Amino acid sequence: MSVGRRRSTLAALAELSVPVDLDDLAAAIVKRELDRAAHDEATIDQIATELHHIHLPKMDRLGVIDYEPDTKRVVSCP
(Lines give C-alpha, C1' and ligand atoms only; values in the text may rest on other atoms or scores of the structure.)
Protein backbone atom coordinates (compact mmCIF):
# COMPACT_ATOMS: atom_id res chain seq x y z
CA MET A 1 0.00 0.00 0.00
CA SER A 2 2.94 2.36 0.58
CA VAL A 3 3.79 2.64 -3.09
CA GLY A 4 0.13 2.96 -3.97
CA ARG A 5 -0.32 5.76 -1.45
CA ARG A 6 2.65 7.63 -2.90
CA ARG A 7 1.23 7.22 -6.41
CA SER A 8 -2.11 8.54 -5.20
CA THR A 9 -0.29 11.47 -3.62
CA LEU A 10 1.42 12.38 -6.88
CA ALA A 11 -1.80 12.02 -8.85
CA ALA A 12 -3.66 14.23 -6.37
CA LEU A 13 -0.89 16.84 -6.47
CA ALA A 14 -1.13 16.92 -10.26
CA GLU A 15 -4.82 17.86 -9.95
CA LEU A 16 -4.53 20.41 -7.12
CA SER A 17 -3.19 23.94 -7.04
CA VAL A 18 0.14 24.05 -5.29
CA PRO A 19 1.20 24.61 -2.63
CA VAL A 20 -1.28 22.22 -1.08
CA ASP A 21 -2.28 22.04 2.56
CA LEU A 22 -1.77 18.58 4.07
CA ASP A 23 -5.46 18.21 4.99
CA ASP A 24 -6.57 19.15 1.46
CA LEU A 25 -4.15 16.61 0.03
CA ALA A 26 -5.42 13.92 2.42
CA ALA A 27 -9.03 14.71 1.44
CA ALA A 28 -8.15 14.38 -2.25
CA ILE A 29 -6.51 11.01 -1.57
CA VAL A 30 -9.55 9.76 0.36
CA LYS A 31 -11.76 10.69 -2.56
CA ARG A 32 -9.37 9.09 -5.07
CA GLU A 33 -8.58 5.85 -3.23
CA LEU A 34 -11.77 5.13 -1.34
CA ASP A 35 -14.32 6.89 -3.52
CA ARG A 36 -15.73 8.51 -0.39
CA ALA A 37 -16.87 12.05 0.13
CA ALA A 38 -14.09 14.30 1.36
CA HIS A 39 -16.04 14.96 4.59
CA ASP A 40 -15.02 11.62 6.14
CA GLU A 41 -12.92 13.39 8.81
CA ALA A 42 -11.62 10.28 10.61
CA THR A 43 -10.21 8.81 7.40
CA ILE A 44 -8.80 12.18 6.31
CA ASP A 45 -7.06 12.58 9.68
CA GLN A 46 -5.63 9.04 9.49
CA ILE A 47 -4.25 9.58 5.99
CA ALA A 48 -2.91 13.05 6.86
CA THR A 49 -1.02 11.56 9.81
CA GLU A 50 0.38 8.78 7.64
CA LEU A 51 1.41 11.26 4.95
CA HIS A 52 3.05 13.59 7.47
CA HIS A 53 5.05 10.93 9.28
CA ILE A 54 5.86 8.43 6.52
CA HIS A 55 5.21 9.26 2.89
CA LEU A 56 5.85 12.98 2.49
CA PRO A 57 9.21 13.00 4.30
CA LYS A 58 10.36 10.04 2.19
CA MET A 59 9.17 11.66 -1.04
CA ASP A 60 10.84 14.93 0.00
CA ARG A 61 14.17 13.17 0.62
CA LEU A 62 13.93 11.60 -2.84
CA GLY A 63 13.31 15.01 -4.42
CA VAL A 64 9.90 14.06 -5.78
CA ILE A 65 8.10 16.76 -3.78
CA ASP A 66 8.98 19.63 -1.51
CA TYR A 67 7.36 19.19 1.91
CA GLU A 68 7.49 21.73 4.73
CA PRO A 69 6.47 19.83 7.88
CA ASP A 70 6.23 22.99 10.00
CA THR A 71 3.61 24.58 7.75
CA LYS A 72 2.25 21.25 6.43
CA ARG A 73 2.50 22.51 2.84
CA VAL A 74 3.33 20.30 -0.13
CA VAL A 75 4.69 21.37 -3.50
CA SER A 76 5.16 18.95 -6.38
CA CYS A 77 8.60 19.15 -7.99
CA PRO A 78 8.82 19.37 -11.77
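Residues numbered from 1 in each chain as written. Predicted model: local features only at pLDDT ≥ 70, side-chain atom pairs only at ≥ 80, totals over all residues. Heavy atoms only, no water.

> Please explain the side chain of R5 as it appears in this structure.
Along the polypeptide, R5 turns up in helix α1 (residues 2–15). A relative accessible area of 6% places R5 in the buried class. Contact partners of R5, with chain neighbours within four places excluded, come to I29, E33, I47, E50, L51 and H55. (Helix = DSSP H or I, 4+ residues; strand = E, 2+ residues; numbered from the N terminus. Buried < 20%, exposed > 50% of the residue type's maximum accessible area, 1.4 Å probe, protein only. Contact = heavy atoms within 4.5 Å.)

> What is the right way to look at the packing of α1 against helix α3 (residues 41–61) in this model?
The geometry of a pair of packed helices is captured by two quantities: the angle between their axes and the separation between those axes. Contact geometry for α1 and α3: axes closest at 11 Å, N-to-C directions at 90°. Here α3 runs roughly perpendicular to α1, going by the angle between their axes. In this structure, α1 uses S2, R5, R6, T9 and L10 to contact α3, whose residues at the interface are I47, E50, L51, H55, L56, K58 and M59. When the residues that make up the contact of α1 with α3 are grouped by side-chain class, the tally is five nonpolar, three polar and four charged. (Axes fitted to C-alpha atoms, helices over the stretch in contact; angles between N-to-C directions. Parallel < 35°, antiparallel > 145°, perpendicular 65-115°, else oblique. Nonpolar A, V, L, I, M, F, W, Y, C, P; charged D, E, K, R; others polar.)

> Even after reading the chapter, I still don't get the sheet that holds strand β1 (residues 20–21), so can you show me in this structure?
Overall, antiparallel pairing links the three strands, which are arranged β1-β3-β2 in an open sheet. Of all strands in the sheet, those with a lone pairing partner are β1 and β2 (65–68), marking the two edges. One ladder, built from four bridges, connects β2 with strand β3 (residues 73–76); its direction is antiparallel. From the neighbouring strand, D66 faces β3, where its bridge partner is V75. Packing of α3 onto the sheet brings it into contact with β2 and β3, and relative to β2 it is tilted by some 130°. (Pairing = 2+ DSSP bridges.)

> Please explain helix α2 (residues 22–34) as it appears in this structure.
Count 3.6 residues to each turn of an α-helix, and residues three or four apart come out pointing the same way. Under the 1.5 Å per step criterion, the end-to-end length of α2 is 18 Å for 13 residues, consistent within 8% with the ideal 18 Å. For α2, the full list of buried residues reads L22, L25, A26, A27, I29 and V30. Residues of α2 that are buried sit in contact with α1, β1, α3, β2 and β3. N-capping of α2 is provided by D21, with a side-chain oxygen placed 3.1 Å from the backbone N of D23. Following α2 by one or two positions, D35 has its phi on the positive side, about 50°. (Expected span 1.5 Å × (residues − 1). Polar contact = N/O pair within 3.5 Å; in protein donor to acceptor, adjacent residues only side chain to side chain.)

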